[in-house]
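Here is what each chain is made of, one letter per residue.
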Amino acid sequence: MSIFKKHFGGRNEPLTQGPIAQCILSFALPLFFGQLLQQLYNLADAWVLGNFSTNEAFAAVSSGGNLTFLIIGFFSGIAVGGGVVISRYYGAGDEENVVRAIHTNFLFGIIASVLSTVAGLLLVPRLLLLMNTPEAVLPYSLLYFRIYFGGVFTVILYNICMAIMQSLGDSLHPLYYLMVSSVLNMALDLLFVAAFRWGVAGAAAATVLTQGFSFLLCLWRMCRLRDYTRLDFRKLQLYPGILSQVLRQGLPTGVQNAVISVGNIVVQSNINSFGQYAMSGQGAYAKIEGLVFLPITSLSMALPTFISQNLGARQYDRAKKGAAFGLLSGMTMAELIGVVFLFAAPPALRFFVDEPEAIQFGAIHARVVAPFFFLLAFSHCAAGVLRGCGKSFVPMVTMLAFWCCVRVTYVTLAVRAFPVFQTISWAYPLTWSLSSAVFLLFLLKSDWLHAFDIGKQQL
């Protein structure tokens, strides 16, 4: 176990030393397993509902990812900005500002959790109606999201704690805690849904309880550290200078997540118009895509921490080489995954749904988008690189322009002209292509050393 800790993010060690590829992959590997376990939360809900409840219940939960991400994604994006700030000071060896950044981020997380609960409970009923949720599915959706957002503070606080721990180079302990809570989540899903027959209410309760357990384990770890990175409730304070940096780095990502979710909700409303089998088929596809794309997601999450720490240490050339490695390896992995998924989609969809109509809708979507996974990977990794450089405004504008505005405009107009499900599916490779072109142009034309100097001055 000590060897595993040494090489895979088990301690708060900087990412400014050692082979670049090994550093990035070693830090990303626990992130991958952590994201995998996070996906298992959703997969467990979907599998149990798909096998022990109704198609309406499955459609309600599986089609709600964009709705939950609308609110959670906003505050999680700010948490990413907080992690960049902590990483920068940690790489520079500035202990005083590391302490201030940790406690500012945690207190902000408490405030954000309260705001998320209120916003979710007030907005969700109206949004479900705007999404053209079928009448047969609407009661299940309302019940699920009322319970989910009633306890959403557990999700927000866990994400804040995880961002703090990962910014300090510890991606392993959050993984341990997710292992425990994932097993607990599956057990509670089976108990509440399969045994007690609570349906969507049981699935929501299981998610909230187990996310809360993960948060408590992270909190226990953070309060037991013996160095200056320990969380001390007596030091909780919103330091204005630190909070300004956190918001400057994280608010663009938070706004990006929220607005893209709004765009995806509009797209989801068009999917809903094709009926409940389109909802469940697309929902099942989304679960599988989220799972198979995890290696790239984890890599893109590791890049901001790696680059930010090296900027803090003024190792600019190392940061540039890490960015190049992340982009190339992410695209290669994504395309290999896309080719496999292209042929494996129909049997994989049957894991969640057994209605032929639902499987058909999911397979249609997979055949359109899977060959273009390399473009999605490039956009995600490029955004991670730029956030690590303190340039989170660039991915925000790029993704809002294409993943929201262009995508919504295309779907709204194209579905009227070509009212088939494939029309919606083509919105994704189209907007991935446009965002990738802009990111590539920016990376090739921008002065990387100058960008790093700006990041240094922001310290």
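**Student:** Even after reading the chapter, I still don't get the overall build of the protein, so can you show me in this structure?
**Tutor:** Of the regular secondary structure elements, the protein holds 19 helices and 0 strands. Relative to the compact-globule value of 23 Å for 459 residues, the protein shows a C-alpha radius of gyration of 21 Å, a close match. With the C-alpha coordinates aligned to their principal axes, the bounding extent of the protein is approximately 55 × 50 × 40 Å. For the protein, the residues scored as buried account for 59% of the 459 residues in total. Sequence-distant contacts, at least 24 apart, represent 85% of the contacts inside the protein between residues at least 6 apart. For the protein, the separation between the mean place of its 28 positive charges and that of its 19 negative charges on side chains is 7 Å.

**Student:** Honestly, the nonpolar core in this entry has me stumped. Any pointers?
**Tutor:** Taken as a class, soluble globular proteins show a tendency for nonpolar side chains to be buried jointly. By size, the foremost hydrophobic cluster in this structure holds 70 residues, and its most contacted members are Ile307, Phe341, Phe373 and Trp432. Of all hydrophobic cores here, the second largest spans 64 residues; its members include Leu70, Phe106, Ala204 and Tyr239.

**Student:** Teacher, can you tell me more about helix H18 (residues 427-445) here?
**Tutor:** Along an α-helix, a turn takes 3.6 residues, which lines up residues three or four apart on a common side. For H18, built from 19 residues, the straight-helix expectation of 27 Å at 1.5 Å per residue is met to within 8% by its first-to-last C-alpha distance of 28 Å. Among all positions in H18, only Ala427, Tyr428, Pro429, Thr431, Trp432, Ser435, Ser436, Phe439 and Leu443 are buried. Summarising the axial view, the buried residues of H18 lie within an arc of 165°, below the 170-degree limit, and thus occupy one face. Exposed positions of H18 whose direction lies more than 90 degrees from the buried face are Leu441, Leu444 and Lys445.

**Student:** Can you walk me through the state of the cysteines in this structure?
**Tutor:** With the rule as written, the count across this model stands at 0 disulfides. You can see Cys218 has no disulfide; the closest cysteine sulfur is in Cys161, sitting 5.7 Å from it.

**Student:** Hey, could you run me through the packing of aromatic side chains in this one?
**Tutor:** The geometry of two aromatic rings is summed up by the distance between their centres and the angle between their planes. On inspection of all chains with the given rule, the structure shows 17 aromatic pairs. Relative to Phe421, the ring of Phe361 lies with its centre 5.0 Å away and its plane at 75°, an arrangement referred to as edge-to-face. Of this pair, Phe361 sits in helix H14 (residues 356-369) while Phe421 is found in helix H17 (residues 421-425), placing the two residues 60 residues apart along the sequence. Per residue, the accessibility class of Phe361 equals that of Phe421, and both read buried. Joined through ring pairs, the aromatic side chains of Tyr285, Phe293, Phe341, Phe373, Tyr428 and Trp432 make up one cluster.

**Student:** What exactly am I supposed to notice about the side chain of Thr104 here?
**Tutor:** With respect to the helices and strands, the residue Thr104 is situated in helix H5 (residues 95-130). By relative accessible area, Thr104 is classed as buried at 1%. A polar atom in the side chain of Thr104 sits 3.1 Å from the backbone oxygen of Gln237. Every residue in contact with Thr104, bar those within four places of it in the chain, is listed here: Gln237, Leu238, Tyr239, Ile242 and Leu243.

**Student:** Help me out: how do you make sense of the side chain of His103 in this one?
**Tutor:** Summarising the element assignment, His103 is placed in helix H5. Taking relative accessible area as the criterion, His103 reaches 0% and is therefore assigned buried. A polar atom in the side chain of His103 sits 2.9 Å from the backbone nitrogen of Asp232. With sequence-adjacent residues up to four places away left out, His103 is seen in contact with Arg230, Leu231, Asp232, Lys235, Leu236 and Gln237.

**Student:** Looking at this model, I keep getting lost on the packing of H14 against H18. Mind explaining?
**Tutor:** Between two packed helices, the angle of one axis relative to the other and the distance separating the axes together describe the packing. Contact geometry for H14 and H18: axes closest at 8 Å, N-to-C directions at 25°. Here H14 lies roughly parallel to H18, going by the angle between them. Crossing hand, H14 versus H18: right-handed. Contacts from His365, Val368 and Val369 of H14 reach H18 at Tyr428, Pro429 and Trp432. Here the residues of the contact of H14 with H18 are counted per class, giving 5 nonpolar, 1 polar and no charged.

**Student:** Would you explain a nonpolar patch on the surface in this entry?
**Tutor:** Taken together, the side chains of Val114, Val118, Leu122 and Leu123 define a hydrophobic patch exposed on the protein surface, amounting to about 370 Å² of accessible area. Among the structural elements, Val114 can be located in helix H5.

**Student:** Which parts of the structure should I look at to understand the environment of Arg407?
**Tutor:** Turning to its location among the elements, Arg407 is positioned in helix H16 (residues 393-417). According to the relative accessible area criterion, Arg407 is buried, its value standing at 3%. Taking the C-alpha atoms as reference points, Arg407 and Glu96, 311 residues apart in sequence, are found 44 Å from one another. In this structure, Arg407 is in contact with Asn264, Val267, Phe402, Ala427, Tyr428, Thr431 and Trp432, ignoring residues within four places of it in sequence.

Each value, and the rule that gives it
Residues numbered from 1 in each chain as written. Predicted model: local features only at pLDDT ≥ 70, side-chain atom pairs only at ≥ 80, totals over all residues. Heavy atoms only, no water. Helix = DSSP H or I, 4+ residues; strand = E, 2+ residues; numbered from the N terminus. Rg over C-alpha atoms; globule rule 2.2 N^0.38 Å. Buried < 20%, exposed > 50% of the residue type's maximum accessible area, 1.4 Å probe, protein only. Contact = heavy atoms within 4.5 Å. Lys, Arg positive; Asp, Glu negative; His and termini not counted. Charge placed at Lys NZ, Arg CZ, Asp CG, Glu CD. Core = buried A, V, L, I, M, F, W, Y, C linked by side-chain atoms within 4.5 Å. Expected span 1.5 Å × (residues − 1). Arc of directions from axis to C-beta. Disulfide = S-S within 2.5 Å. Phe/Tyr/Trp six-rings, centres within 6.5 Å; stacked < 30°, edge-to-face > 60°. Polar contact = N/O pair within 3.5 Å; in protein donor to acceptor, adjacent residues only side chain to side chain. Axes fitted to C-alpha atoms, helices over the stretch in contact; angles between N-to-C directions. Parallel < 35°, antiparallel > 145°, perpendicular 65-115°, else oblique. Left-handed = near helix turned anticlockwise from the far one by under 90°. Nonpolar A, V, L, I, M, F, W, Y, C, P; charged D, E, K, R; others polar. Patch = residues over 30% accessible without salt bridge, like charges linked within 9 Å, V, L, I, M, F, W, Y side chains within 5 Å. Areas by Shrake-Rupley, 256 points an atom, 1.4 Å probe, with all protein chains shown as cover. Salt bridge = Lys/Arg side-chain N within 4 Å of Asp/Glu carboxyl O.

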